[in-house]
Amino acid sequence: MTYAITQTCCSDATCVAVCPVNCIHPTPQERAFGSTEMLYVDPKSCIDCGACADACPVDAVFPVDSLPAAQAEYAAINAAYFAGQEPDPVPAGPNFHRWSAPSFERDLPSDFAPIRVAVVGTGPAGMYAAEDLLLHTNAEVTLVDRLPVAGGLVRYGVAPDHPATKKVGDTFARFHDHPRVRMHLGVEIGKDITAQELAAHHHAVVYAVGASTDRRIGVPGEELPGSISATSFVAWYNAHPEVAPDAVGLPSERVVVAGNGNVALDVARILVADPSTLAGTDIADHALAALRASKVREVVLLGRRGPEHAAYSASELLALKHLAGVELVVDDHDPRTGATIDGAAPDEKAGLLRDVPREAVDWSRSPEPGRRIVFRFHSAPVEVLGDDTVRAVRVTGGPGELDIPAGTLLRAVGYRGAPVAGLPFDEATGTVPHEGGRVTGMPGTYVVGWIKRGPSGGIGANRACAAETVGTLLDDAVSGALPAPSSASKAFLRLARSRSRHVVDAKGLAAIDRAEIARGRDGGRPRVKFGTVPELIAAAKGGRWKLSS
């Protein structure tokens, strides 16, 4: 028997490190690491020890004979990655792993003095950086976040029906109350405290603020009510306190989604999923109520190129194919689409659509009974039509343009970084200019994650990204290039509390966690999130909170 990695893979390579026979690839030392959609288990080399399953932070590794029906394809997907390759020969000796030569990239002096490092942002990028510092150095880490709760995109970006992926947050949570960590949530750099003040209290500052805005489509009518960024929609169903419960309306039977990446598939899946299934997740109460009352029966995914260039991962498409009660359809308006699908190999993205029905959709008619998702390739929006709200989206494709009636347009064409107060910013890339994570022209200041490299890569990609930045930081520390703090370590706590009325620490964060879990317990849900800043702060202080109705 062998093991298989499934679509919830976070690609952070924890499983690679514990595998005794080197059967999981690509490894961080291989060129393909970071460019493949996930990691893969070689069935010819796997010895069925289960170490990878035990180490996986998101419960994505299963014995092949225990794969759930909706994930059975992953046995073949894992095997296909190694097709035509011979496994490495097993060396003699009790240890079957062909370890690479030892390397010591961080040769810290024995008398290396503790440094104080602030990490701004508590999502995956920031927490991988904090983890690296805490496990491999004697650094003291200050965690800062503008929201009064930690988690970043793990809390507010992962879809509620992907609970296994959210489990990576448990890995990060173990560092929240680490003895060398001081947590200051609800403190915004650039508003409550300047970047210069933060730097003055630490040897180094690492910014892990992500890419918080959305890219624009750039077509007329894009600003009409009913035209919503996928960024806002995802935040809405995840109970982000900065997105109002009434920020999203679903007034019609059809929704058009511009884009065909993983976020586009996420929002399409949530729109047509059975609300009774979502009721067992941590989806926001207001979103669940809106979806229960929703008229949406059809979601149209627009991709400006063909199915071979689709931006979604194969695993996300497979998840859609197993969505109960939902039909998938390929709009057959362009002959290139069908020809590409028919000519693709079974394991290629286009080939995965071979068993999906194709039809020439009549967009002048209302959606058919039932719920379905329509893939429309070689088509892009050129105008959003409507007077005081969206009524249709004009798109390319076929012999000319046509209008697809819809009451909502979701723009899922990518995230974009926003300027960070006090730091340089590259408008073209939406990132902070840097060299190996070191912010250009600002000694002691570093970046990690999407604000460093742009909005690409999943949760696990941040581990290697953080390792590079932390390595650069430590090189600077050893060489004496870090500026010395101008005040004692406790002075920052006093400054933060003087500038922000409600600073949440590790104890307060634990209180929020307990309260949200308690709210969800009676309804059989993992948790019910607090959706406003006052609620979060009250829970952090042990105050009273009401069960949602």
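Residues numbered from 1 in each chain as written. Predicted model: local features only at pLDDT ≥ 70, side-chain atom pairs only at ≥ 80, totals over all residues. Heavy atoms only, no water.

1. A look at the sheet that holds strand β16 (residues 381–385)
To summarise the sheet geometry, strands pair through backbone hydrogen bonds and adopt either a parallel or an antiparallel arrangement. Read across the open sheet, the 3 strands follow the order β16-β17-β18; overall the sheet is antiparallel. Edge positions in the open sheet fall to β16 and β18 (402–405), since each of these has one partner strand only. Each adjacent strand pair in this sheet contributes to an overall mean axis angle of 25 degrees, direction not counted. Sheet analysis places strand β17 (residues 392–395) next to β18, joined by 4 bridges and oriented antiparallel. Across the sheet, residue V393 finds its bridge partner in β18, namely I404. (Pairing = 2+ DSSP bridges. Helix = DSSP H or I, 4+ residues; strand = E, 2+ residues; numbered from the N terminus. Axes fitted to C-alpha atoms, helices over the stretch in contact; angles between N-to-C directions.)

2. What to know about empty space enclosed by the protein
One pass over the full model with this rule turns up 3 cavities of 30 Å³ or more. The space that makes up the largest cavity amounts to roughly 80 Å³. Along its surface, the largest cavity is lined by 13 residues, and C9, C10, S11, C15 and C56 are the ones closest to its centre. Counted as a void, the second largest cavity has a volume near 70 Å³. Along the walls of the second largest cavity sit 13 residues, with C19, C23, C46, C49 and C52 positioned nearest its centre. (1 Å grid on protein atoms, 1.4 Å probe; cavity = no way out; pocket = protein on both sides within 12 Å on 5 of 7 lines; lining within 4 Å. Points joined across faces, edges and corners; volume = space filled by probe spheres on them.)

3. A look at the packing of helix α18 (residues 506–521) against helix α19 (residues 533–540)
The N-to-C vectors of α18 and α19 enclose an angle of 105 degrees; their axes lie 7 Å apart at closest approach. With respect to α19, the axis of α18 lies roughly perpendicular. Across the interface between the two elements, G508, A511, I512, A515 and E516 from α18 touch L536, A539 and A540 from α19. In terms of residue class, the contact of α18 with α19 is built from 6 nonpolar, 1 polar and 1 charged. (Parallel < 35°, antiparallel > 145°, perpendicular 65-115°, else oblique. Contact = heavy atoms within 4.5 Å. Nonpolar A, V, L, I, M, F, W, Y, C, P; charged D, E, K, R; others polar.)

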